[in-house]
Amino acid sequence: MGLLAYLKSQFVLQLLIGFVFVVSGLIINFIQLCTCVLWPINKQLYRRINCRLAYSLWSQLVMLLEWWSGTECMLYTDQATVDMFGKEHVIIILNHNFEIDFLCGWTMCERYGVLGSSKVLAKHELLKVPLIGWTWYFLEIVFCKRKWEEDRDKVFKGLDSLKDYPEFMWFLLYCEGTRFTEKKHQISMQVAESKGLPKLKYHLLPRTKGFTTTLQCLKGTVSAVYDVTLNFKDKKVPTLLGIINGTKYMADMSIRRYPVDEIPDDEKECANWLHKLYQEKDALQEHYAKEGSFPGPTIRPPRRLWSLLNFLFWACVLLSPLIHLAWGVFISGSPLHILGFMLFLIIASVAVRRLIGVTEVKKTGSSYGDQEAKKQN
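Anyway, here's the lowdown on the structure attached to this text. (Residues numbered from 1 in each chain as written. Predicted model: local features only at pLDDT ≥ 70, side-chain atom pairs only at ≥ 80, totals over all residues. Heavy atoms only, no water.)

A few points about the overall build of the protein
Rules: Only runs of H or I of at least four residues qualify as helices and only runs of E of at least two qualify as strands under DSSP, and these elements are numbered from the N terminus. Note on method: radius of gyration uses C-alpha positions; expected globular size equals 2.2 Å times residues raised to 0.38. Note on contacts: a residue pair is in contact if any heavy atoms of the two residues lie within 4.5 Å. We get accessible surface area from the Shrake-Rupley algorithm with a probe of 1.4 Å; when it comes to residues, only the shown protein chains can shield them. Positive residues here are Lys and Arg, negative ones are Asp and Glu, while His and the chain termini are left out of the count. Every charge is mapped onto a representative atom, which is NZ of Lys, CZ of Arg, CG of Asp or CD of Glu.
Counting secondary structure elements, the protein contains 14 helices and 8 strands. In terms of overall size, the protein behaves like a compact globule, its C-alpha atoms giving a radius of gyration of 22 Å where 377 residues would be expected to give roughly 21 Å. The contacts of the protein with a sequence gap of at least 6 include a subset with a gap of at least 24, amounting to 78%. When the accessible surface of the protein is summed, it comes to about 18600 Å², and 62% of that surface belongs to carbon and sulfur atoms. Of the side chains in the protein, 45 bear a positive and 36 a negative charge, and the two mean positions are spaced by 5 Å.

In C-alpha coordinates, the structure reads:
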(Lines give C-alpha, C1' and ligand atoms only; values in the text may rest on other atoms or scores of the structure.)
Protein backbone atom coordinates (compact mmCIF):
# COMPACT_ATOMS: atom_id res chain seq x y z
CA MET A 1 0.00 0.00 0.00
CA GLY A 2 1.42 3.39 -1.02
CA LEU A 3 1.62 6.32 1.37
CA LEU A 4 -1.28 8.17 -0.28
CA ALA A 5 -3.50 5.07 -0.20
CA TYR A 6 -2.55 4.53 3.45
CA LEU A 7 -3.48 8.11 4.37
CA LYS A 8 -6.84 7.81 2.61
CA SER A 9 -7.68 4.74 4.68
CA GLN A 10 -7.07 6.53 7.99
CA PHE A 11 -10.22 7.12 10.02
CA VAL A 12 -9.07 10.51 11.32
CA LEU A 13 -8.79 11.97 7.81
CA GLN A 14 -12.12 10.44 6.83
CA LEU A 15 -13.70 11.93 9.95
CA LEU A 16 -12.34 15.38 9.08
CA ILE A 17 -13.82 15.11 5.58
CA GLY A 18 -17.13 14.06 7.12
CA PHE A 19 -16.94 16.97 9.56
CA VAL A 20 -16.43 19.45 6.71
CA PHE A 21 -19.36 17.99 4.77
CA VAL A 22 -21.78 17.90 7.72
CA VAL A 23 -20.97 21.34 9.15
CA SER A 24 -20.80 23.06 5.77
CA GLY A 25 -24.11 21.37 4.92
CA LEU A 26 -25.77 22.73 8.04
CA ILE A 27 -24.42 26.21 7.23
CA ILE A 28 -25.71 25.91 3.66
CA ASN A 29 -29.13 24.74 4.92
CA PHE A 30 -29.30 27.78 7.21
CA ILE A 31 -28.44 30.11 4.32
CA GLN A 32 -31.08 28.37 2.20
CA LEU A 33 -33.62 29.01 4.96
CA CYS A 34 -32.68 32.69 4.91
CA THR A 35 -33.19 32.88 1.14
CA CYS A 36 -36.87 31.98 1.57
CA VAL A 37 -37.61 35.69 2.02
CA LEU A 38 -36.72 36.10 -1.67
CA TRP A 39 -39.40 33.68 -2.88
CA PRO A 40 -42.36 36.12 -2.86
CA ILE A 41 -40.13 38.94 -4.16
CA ASN A 42 -38.07 37.27 -6.88
CA LYS A 43 -38.64 33.53 -7.29
CA GLN A 44 -36.07 33.12 -10.06
CA LEU A 45 -33.34 34.81 -8.01
CA TYR A 46 -34.18 32.48 -5.11
CA ARG A 47 -33.78 29.51 -7.44
CA ARG A 48 -30.46 30.65 -8.92
CA ILE A 49 -28.99 31.24 -5.45
CA ASN A 50 -30.17 27.84 -4.20
CA CYS A 51 -28.73 26.10 -7.25
CA ARG A 52 -25.30 27.42 -6.30
CA LEU A 53 -25.74 26.62 -2.62
CA ALA A 54 -26.72 23.04 -3.51
CA TYR A 55 -23.70 22.82 -5.80
CA SER A 56 -21.45 23.84 -2.91
CA LEU A 57 -22.72 20.84 -0.91
CA TRP A 58 -23.14 18.14 -3.57
CA SER A 59 -19.82 18.90 -5.26
CA GLN A 60 -18.07 17.78 -2.06
CA LEU A 61 -19.38 14.27 -2.73
CA VAL A 62 -18.31 14.57 -6.36
CA MET A 63 -14.87 15.58 -5.09
CA LEU A 64 -14.69 12.31 -3.12
CA LEU A 65 -15.46 10.32 -6.25
CA GLU A 66 -13.23 12.20 -8.68
CA TRP A 67 -10.29 13.50 -6.62
CA TRP A 68 -10.19 11.39 -3.43
CA SER A 69 -10.87 7.94 -4.88
CA GLY A 70 -9.78 8.81 -8.43
CA THR A 71 -12.73 6.96 -9.95
CA GLU A 72 -12.85 7.31 -13.74
CA CYS A 73 -16.04 7.67 -15.79
CA MET A 74 -16.18 6.66 -19.44
CA LEU A 75 -19.13 7.60 -21.65
CA TYR A 76 -20.30 5.34 -24.45
CA THR A 77 -22.12 7.74 -26.74
CA ASP A 78 -21.65 9.96 -29.80
CA GLN A 79 -20.27 13.49 -29.88
CA ALA A 80 -23.58 14.95 -31.08
CA THR A 81 -25.24 13.74 -27.88
CA VAL A 82 -22.45 15.09 -25.67
CA ASP A 83 -22.69 18.46 -27.41
CA MET A 84 -26.24 18.78 -26.03
CA PHE A 85 -25.22 18.14 -22.41
CA GLY A 86 -25.97 21.10 -20.16
CA LYS A 87 -27.81 22.97 -22.92
CA GLU A 88 -31.35 21.64 -22.49
CA HIS A 89 -33.87 20.47 -19.90
CA VAL A 90 -33.93 16.65 -19.90
CA ILE A 91 -35.23 13.59 -18.08
CA ILE A 92 -32.55 11.07 -17.12
CA ILE A 93 -33.42 7.36 -16.81
CA LEU A 94 -30.73 5.52 -14.83
CA ASN A 95 -30.55 1.89 -13.71
CA HIS A 96 -30.56 1.44 -9.94
CA ASN A 97 -28.03 -1.32 -9.18
CA PHE A 98 -25.25 0.30 -7.15
CA GLU A 99 -24.83 2.34 -3.98
CA ILE A 100 -22.97 5.06 -5.86
CA ASP A 101 -25.05 5.18 -9.05
CA PHE A 102 -26.41 8.58 -7.98
CA LEU A 103 -22.85 9.80 -7.45
CA CYS A 104 -21.79 8.74 -10.95
CA GLY A 105 -24.80 10.67 -12.24
CA TRP A 106 -23.80 13.70 -10.19
CA THR A 107 -20.25 13.67 -11.52
CA MET A 108 -21.66 13.94 -15.06
CA CYS A 109 -23.92 16.77 -13.89
CA GLU A 110 -20.89 18.54 -12.41
CA ARG A 111 -18.78 18.17 -15.53
CA TYR A 112 -21.52 19.70 -17.68
CA GLY A 113 -22.59 22.46 -15.28
CA VAL A 114 -25.99 21.24 -14.08
CA LEU A 115 -25.21 19.73 -10.66
CA GLY A 116 -26.87 22.48 -8.65
CA SER A 117 -30.04 22.37 -10.73
CA SER A 118 -30.33 18.57 -10.96
CA LYS A 119 -33.69 17.18 -9.81
CA VAL A 120 -35.07 13.82 -8.75
CA LEU A 121 -38.41 12.23 -7.90
CA ALA A 122 -37.52 11.26 -4.33
CA LYS A 123 -39.16 9.06 -1.72
CA HIS A 124 -40.81 11.01 1.07
CA GLU A 125 -38.66 9.43 3.81
CA LEU A 126 -35.60 11.30 2.52
CA LEU A 127 -37.22 14.62 3.42
CA LYS A 128 -36.44 13.82 7.06
CA VAL A 129 -32.73 13.16 6.40
CA PRO A 130 -30.55 16.14 7.44
CA LEU A 131 -28.51 17.81 4.70
CA ILE A 132 -29.82 15.58 1.89
CA GLY A 133 -33.56 16.00 2.39
CA TRP A 134 -33.30 19.55 3.68
CA THR A 135 -31.25 20.72 0.72
CA TRP A 136 -33.64 19.02 -1.70
CA TYR A 137 -36.60 20.72 -0.03
CA PHE A 138 -35.19 24.16 -0.83
CA LEU A 139 -34.47 22.97 -4.39
CA GLU A 140 -38.17 22.18 -4.91
CA ILE A 141 -37.53 18.45 -5.24
CA VAL A 142 -40.74 16.46 -5.67
CA PHE A 143 -41.19 14.00 -2.79
CA CYS A 144 -43.67 11.13 -3.00
CA LYS A 145 -44.89 8.28 -0.80
CA ARG A 146 -45.24 5.84 -3.73
CA LYS A 147 -48.98 5.68 -3.16
CA TRP A 148 -50.52 7.21 -6.26
CA GLU A 149 -53.80 8.11 -4.57
CA GLU A 150 -51.90 10.24 -2.04
CA ASP A 151 -49.16 11.45 -4.38
CA ARG A 152 -51.15 12.42 -7.46
CA ASP A 153 -52.01 16.05 -6.68
CA LYS A 154 -48.69 16.76 -4.98
CA VAL A 155 -46.64 15.31 -7.83
CA PHE A 156 -48.59 17.17 -10.51
CA LYS A 157 -48.29 20.45 -8.58
CA GLY A 158 -44.57 19.97 -7.91
CA LEU A 159 -43.72 19.10 -11.51
CA ASP A 160 -45.89 21.89 -12.89
CA SER A 161 -44.00 24.45 -10.78
CA LEU A 162 -40.72 23.44 -12.45
CA LYS A 163 -41.84 24.39 -15.96
CA ASP A 164 -40.33 27.88 -15.70
CA TYR A 165 -37.09 26.82 -13.96
CA PRO A 166 -34.36 29.33 -14.95
CA GLU A 167 -31.40 26.88 -14.99
CA PHE A 168 -31.05 23.89 -17.31
CA MET A 169 -32.07 20.90 -15.21
CA TRP A 170 -31.47 17.16 -15.45
CA PHE A 171 -34.44 15.40 -13.87
CA LEU A 172 -33.33 11.95 -12.67
CA LEU A 173 -35.78 9.06 -12.58
CA TYR A 174 -35.12 5.59 -11.18
CA CYS A 175 -37.99 3.93 -13.02
CA GLU A 176 -37.35 0.63 -11.22
CA GLY A 177 -38.43 2.40 -8.04
CA THR A 178 -35.89 0.68 -5.80
CA ARG A 179 -32.38 -0.74 -5.95
CA PHE A 180 -31.79 -4.10 -7.60
CA THR A 181 -31.42 -7.13 -5.34
CA GLU A 182 -31.91 -10.78 -6.18
CA LYS A 183 -34.99 -11.04 -3.97
CA LYS A 184 -36.58 -7.95 -5.48
CA HIS A 185 -35.73 -9.22 -8.96
CA GLN A 186 -37.51 -12.53 -8.36
CA ILE A 187 -40.61 -10.72 -7.11
CA SER A 188 -40.47 -8.24 -9.99
CA MET A 189 -40.25 -10.98 -12.60
CA GLN A 190 -43.26 -12.70 -11.04
CA VAL A 191 -45.15 -9.44 -11.57
CA ALA A 192 -43.86 -9.28 -15.16
CA GLU A 193 -45.08 -12.83 -15.81
CA SER A 194 -48.51 -12.09 -14.36
CA LYS A 195 -48.82 -9.04 -16.64
CA GLY A 196 -47.55 -10.84 -19.72
CA LEU A 197 -44.45 -8.66 -20.00
CA PRO A 198 -41.00 -9.86 -21.17
CA LYS A 199 -38.71 -10.80 -18.29
CA LEU A 200 -35.56 -8.82 -17.58
CA LYS A 201 -32.26 -10.28 -16.43
CA TYR A 202 -30.40 -7.23 -15.09
CA HIS A 203 -33.23 -4.85 -14.18
CA LEU A 204 -36.44 -4.76 -12.22
CA LEU A 205 -39.70 -4.16 -14.04
CA PRO A 206 -39.99 -0.38 -14.56
CA ARG A 207 -42.84 1.47 -12.90
CA THR A 208 -44.34 3.46 -15.72
CA LYS A 209 -46.56 5.88 -13.78
CA GLY A 210 -43.72 8.09 -12.55
CA PHE A 211 -42.18 8.35 -16.01
CA THR A 212 -45.40 9.00 -17.92
CA THR A 213 -46.52 11.58 -15.36
CA THR A 214 -43.19 13.41 -15.35
CA LEU A 215 -43.04 13.45 -19.14
CA GLN A 216 -46.64 14.62 -19.38
CA CYS A 217 -46.12 17.45 -16.88
CA LEU A 218 -42.78 18.66 -18.23
CA LYS A 219 -43.50 18.29 -21.92
CA GLY A 220 -42.79 21.63 -23.53
CA THR A 221 -40.00 22.20 -20.97
CA VAL A 222 -37.84 19.10 -21.37
CA SER A 223 -36.65 18.49 -24.91
CA ALA A 224 -35.17 15.00 -24.56
CA VAL A 225 -34.89 11.83 -22.49
CA TYR A 226 -31.39 10.49 -21.79
CA ASP A 227 -31.26 6.77 -21.17
CA VAL A 228 -28.20 5.98 -19.03
CA THR A 229 -27.04 2.43 -18.33
CA LEU A 230 -24.25 2.15 -15.74
CA ASN A 231 -21.81 -0.65 -14.98
CA PHE A 232 -18.29 -1.06 -13.56
CA LYS A 233 -15.15 -2.70 -14.90
CA ASP A 234 -14.02 -6.08 -13.57
CA LYS A 235 -17.47 -6.76 -12.09
CA LYS A 236 -16.69 -4.47 -9.15
CA VAL A 237 -19.53 -3.63 -6.75
CA PRO A 238 -18.66 -0.13 -5.53
CA THR A 239 -19.85 1.36 -2.25
CA LEU A 240 -19.75 4.84 -0.78
CA LEU A 241 -17.63 3.46 2.07
CA GLY A 242 -15.18 2.21 -0.56
CA ILE A 243 -15.04 5.69 -2.09
CA ILE A 244 -14.31 7.18 1.34
CA ASN A 245 -11.52 4.62 1.81
CA GLY A 246 -9.98 5.85 -1.45
CA THR A 247 -10.88 2.81 -3.58
CA LYS A 248 -10.69 3.59 -7.29
CA TYR A 249 -13.41 2.28 -9.60
CA MET A 250 -13.82 2.38 -13.37
CA ALA A 251 -17.37 3.39 -14.30
CA ASP A 252 -18.84 2.93 -17.78
CA MET A 253 -22.03 4.74 -18.81
CA SER A 254 -23.93 4.07 -22.02
CA ILE A 255 -25.98 7.17 -22.93
CA ARG A 256 -28.67 7.38 -25.58
CA ARG A 257 -30.66 10.54 -26.38
CA TYR A 258 -34.34 10.40 -27.36
CA PRO A 259 -36.07 13.65 -28.42
CA VAL A 260 -39.38 14.06 -26.59
CA ASP A 261 -41.20 14.41 -29.91
CA GLU A 262 -40.33 10.78 -30.70
CA ILE A 263 -41.96 9.44 -27.51
CA PRO A 264 -45.72 8.63 -27.70
CA ASP A 265 -48.14 11.04 -26.01
CA ASP A 266 -50.68 8.37 -25.14
CA GLU A 267 -50.07 7.09 -21.61
CA LYS A 268 -50.41 3.40 -22.52
CA GLU A 269 -48.16 3.72 -25.57
CA CYS A 270 -45.65 5.74 -23.52
CA ALA A 271 -45.61 2.96 -20.90
CA ASN A 272 -44.99 0.39 -23.65
CA TRP A 273 -42.15 2.58 -24.95
CA LEU A 274 -40.56 2.51 -21.49
CA HIS A 275 -40.88 -1.29 -21.24
CA LYS A 276 -39.18 -1.61 -24.63
CA LEU A 277 -36.44 0.75 -23.47
CA TYR A 278 -35.73 -1.49 -20.47
CA GLN A 279 -35.53 -4.53 -22.71
CA GLU A 280 -32.86 -2.63 -24.69
CA LYS A 281 -31.09 -1.69 -21.43
CA ASP A 282 -31.09 -5.36 -20.49
CA ALA A 283 -29.48 -6.21 -23.84
CA LEU A 284 -26.82 -3.56 -23.19
CA GLN A 285 -26.01 -5.12 -19.81
CA GLU A 286 -25.86 -8.56 -21.42
CA HIS A 287 -23.35 -7.18 -23.94
CA TYR A 288 -21.33 -5.65 -21.07
CA ALA A 289 -21.32 -8.96 -19.16
CA LYS A 290 -19.87 -10.75 -22.20
CA GLU A 291 -17.53 -8.10 -23.64
CA GLY A 292 -16.60 -5.99 -20.60
CA SER A 293 -17.77 -2.80 -22.32
CA PHE A 294 -20.79 -1.22 -23.95
CA PRO A 295 -21.06 -0.92 -27.74
CA GLY A 296 -20.37 2.35 -29.52
CA PRO A 297 -17.81 5.18 -29.48
CA THR A 298 -16.26 6.31 -26.19
CA ILE A 299 -15.71 9.78 -24.73
CA ARG A 300 -13.90 10.56 -21.46
CA PRO A 301 -15.08 13.98 -20.21
CA PRO A 302 -12.38 15.87 -18.29
CA ARG A 303 -12.64 16.57 -14.58
CA ARG A 304 -13.14 20.17 -13.47
CA LEU A 305 -11.27 21.80 -10.60
CA TRP A 306 -14.37 23.46 -9.13
CA SER A 307 -15.38 20.56 -6.88
CA LEU A 308 -11.88 20.32 -5.41
CA LEU A 309 -11.56 24.10 -4.92
CA ASN A 310 -14.99 24.23 -3.27
CA PHE A 311 -14.01 21.51 -0.77
CA LEU A 312 -10.67 23.17 -0.02
CA PHE A 313 -12.52 26.42 0.69
CA TRP A 314 -14.80 24.77 3.25
CA ALA A 315 -11.90 22.79 4.72
CA CYS A 316 -9.90 25.99 5.31
CA VAL A 317 -12.91 27.72 6.85
CA LEU A 318 -13.95 24.88 9.16
CA LEU A 319 -10.85 22.83 10.02
CA SER A 320 -8.70 25.73 11.21
CA PRO A 321 -10.97 26.56 14.20
CA LEU A 322 -11.51 22.82 14.88
CA ILE A 323 -7.78 22.11 15.06
CA HIS A 324 -7.28 25.22 17.22
CA LEU A 325 -10.04 24.02 19.55
CA ALA A 326 -8.61 20.49 19.75
CA TRP A 327 -5.17 21.84 20.57
CA GLY A 328 -6.57 24.08 23.28
CA VAL A 329 -8.55 21.22 24.81
CA PHE A 330 -5.60 18.83 25.03
CA ILE A 331 -3.07 21.32 26.37
CA SER A 332 -5.58 22.42 29.01
CA GLY A 333 -5.16 19.02 30.67
CA SER A 334 -8.79 19.08 31.81
CA PRO A 335 -10.21 15.53 31.82
CA LEU A 336 -13.72 16.95 31.49
CA HIS A 337 -12.82 19.01 28.41
CA ILE A 338 -10.93 16.13 26.81
CA LEU A 339 -13.82 13.73 27.50
CA GLY A 340 -16.29 16.23 26.03
CA PHE A 341 -14.20 16.65 22.88
CA MET A 342 -13.85 12.87 22.47
CA LEU A 343 -17.62 12.54 22.86
CA PHE A 344 -18.06 15.16 20.14
CA LEU A 345 -15.82 13.11 17.80
CA ILE A 346 -17.79 9.94 18.53
CA ILE A 347 -21.11 11.67 17.80
CA ALA A 348 -19.68 13.14 14.60
CA SER A 349 -18.42 9.74 13.42
CA VAL A 350 -21.81 8.13 14.13
CA ALA A 351 -23.58 10.93 12.22
CA VAL A 352 -21.32 10.45 9.20
CA ARG A 353 -21.85 6.68 9.31
CA ARG A 354 -25.62 7.15 9.45
CA LEU A 355 -25.49 9.35 6.36
CA ILE A 356 -23.45 6.67 4.57
CA GLY A 357 -26.04 4.11 5.64
CA VAL A 358 -28.71 5.96 3.66
CA THR A 359 -26.98 4.80 0.45
CA GLU A 360 -26.48 1.15 1.36
CA VAL A 361 -28.40 -1.28 -0.82
CA LYS A 362 -29.54 -3.49 2.05
CA LYS A 363 -31.01 -0.51 3.88
CA THR A 364 -32.83 1.16 0.99
CA GLY A 365 -35.70 0.43 -1.28
CA SER A 366 -39.34 -0.37 -1.05
CA SER A 367 -41.46 -3.43 -0.46
CA TYR A 368 -43.07 -3.15 -3.89
CA GLY A 369 -44.53 -6.52 -4.83
CA ASP A 370 -43.36 -8.09 -1.56
CA GLN A 371 -46.58 -9.03 0.25
CA GLU A 372 -44.69 -10.34 3.29
CA ALA A 373 -42.81 -7.07 3.73
CA LYS A 374 -45.99 -5.10 3.32
CA LYS A 375 -47.61 -7.07 6.16
CA GLN A 376 -44.66 -6.24 8.38
CA ASN A 377 -45.06 -2.56 7.54
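The discussion continues.
Looking at the nonpolar core
As a rule of thumb, soluble globular proteins bury nonpolar side chains together. The condition that has to hold: By convention a nonpolar core is built from buried Ala, Val, Leu, Ile, Met, Phe, Trp, Tyr and Cys residues, the set being connected through side-chain atoms within 4.5 Å. Exposure classes here rest on a 1.4 Å probe applied to the protein chains alone. A residue is buried below 20% of its type maximum, exposed above 50%, and partly exposed in between.
In terms of nonpolar packing, the biggest core is built from 99 residues, with Trp-58, Trp-106, Trp-136, Trp-170, Phe-211 and Leu-215 touching the most fellow members. Counting residues per element, this core draws most heavily on helix α3 (residues 43-68), which supplies 12 residues. Filtering out sequence-adjacent residues up to four positions away, Leu-215 remains in contact with Ile-91, Val-222, Val-225, Val-260, Ile-263 and Cys-270. Counting residues in each nonpolar core, the second largest holds 5 residues, with Met-74, Tyr-76, Leu-284 and Tyr-288 among its members.

Overview of the packing of helix α2 (residues 11-35) against helix α12 (residues 306-332)
Worth spelling out the cut-off: Note on definitions: angles span 0 to 180 degrees between N-to-C directions of axes, and those axes are lines fitted to C-alpha atoms, for helices only across the stretch in contact. Put simply, angles under 35 degrees are roughly parallel, angles over 145 are roughly antiparallel, angles from 65 to 115 are roughly perpendicular, and the rest are oblique. Gly is placed with the polar residues, together with every amino acid not listed as nonpolar (Ala, Val, Leu, Ile, Met, Phe, Trp, Tyr, Cys and Pro) or charged (Asp, Glu, Lys and Arg).
Where α2 contacts α12, the two axes come as close as 9 Å, and the packing angle between them is 100°. Of the possible angle classes, the one that applies to α2 and α12 is roughly perpendicular. Within the contact between the two elements, α2 uses Leu-16, Ile-17, Phe-19, Val-20, Val-23, Ser-24, Ile-27 and Ile-28 and α12 uses Phe-311, Trp-314, Ala-315, Leu-318, Leu-319 and Leu-322. Classifying every residue of the contact of α2 with α12 gives 13 nonpolar, 1 polar and no charged.

With respect to the packing of helix α7 (residues 148-160) against helix α9 (residues 208-218)
Convention followed: Crossings are assigned a handedness: left-handed for a near helix turned anticlockwise from the far helix by less than a right angle, right-handed for a clockwise turn.
Where α7 meets α9, the closest approach of the two axes is 10 Å, and the angle between their N-to-C directions is 30°. Regarding the angle of α7 to α9, the classification is roughly parallel. Here α7 runs over α9; the crossing is right-handed. Contact with α7, carried on its side by Trp-148, Val-155, Phe-156 and Leu-159, involves Lys-209, Thr-213, Thr-214, Gln-216, Cys-217 and Leu-218 of α9 and no other residues of that element. A breakdown of the residues in the contact of α7 with α9 according to their chemical character gives 6 nonpolar, 3 polar and 1 charged.

Considerations on a nonpolar patch on the surface
Just so we agree on the cut-off: Patch definition: residues with relative accessible area over 30% and no salt bridge; like charges joined within 9 Å; nonpolar side chains (Val, Leu, Ile, Met, Phe, Trp, Tyr) joined within 5 Å. Criterion for a salt bridge: a side-chain nitrogen of Lys or Arg within 4 Å of a carboxyl oxygen of Asp or Glu.
On the surface, Leu-3, Tyr-6, Leu-7 and Leu-13 cluster together to form a nonpolar patch covering roughly 380 Å² of accessible area. Sort the elements by how many residues they give to the nonpolar patch and helix α1 (residues 3-8) lands first, with 3 residues. Looking at the element boundaries, Leu-13 is found in helix α2. When its relative accessible area of 32% is taken as the criterion, Leu-13 is described as partly exposed.

Re the sheet that holds strand β2 (residues 90-94)
To keep it simple, the criterion reads: Whether two strands pair comes down to DSSP finding at least two bridges between them.
The 8 strands lie next to each other as β4-β3-β5-β2-β6-β7-β1-β8, forming an open sheet whose pairing is mixed. The outermost strands of the open sheet, each flanked by one partner alone, are β4 (142-144) and β8 (298-299). Running over the sheet, helix α5 (residues 101-111) touches β1 (72-76), β2, β5 (170-173), β6 (224-232) and β7 (250-259) and is turned about 75° from β1. Here α7 sits on the sheet in contact with β4 and β5, set at roughly 170° to β4.

Considering the layout of surface pockets
For clarity, the threshold we go by: Throughout, the protein atoms alone are placed on a 1 Å grid, and a set of points is a cavity if a 1.4 Å probe fits but cannot get out or a pocket if it is open with protein on both sides within 12 Å along at least five of seven lines; lining residues have an atom within 4 Å of a point. Grid points are joined across faces, edges and corners, and a volume is the space filled by probe spheres set on the points.
In this structure, the second largest pocket occupies an estimated 530 Å³ of space. Counting residues per element, the ones that place at least two in the lining of the second largest pocket are β6 and α11 (267-291). Tallied by class, residues from the lining of the second largest pocket come to 9 nonpolar, 6 polar and 7 charged.

Everything listed here is a matter of geometry and, on its own, says nothing about what the molecule does.
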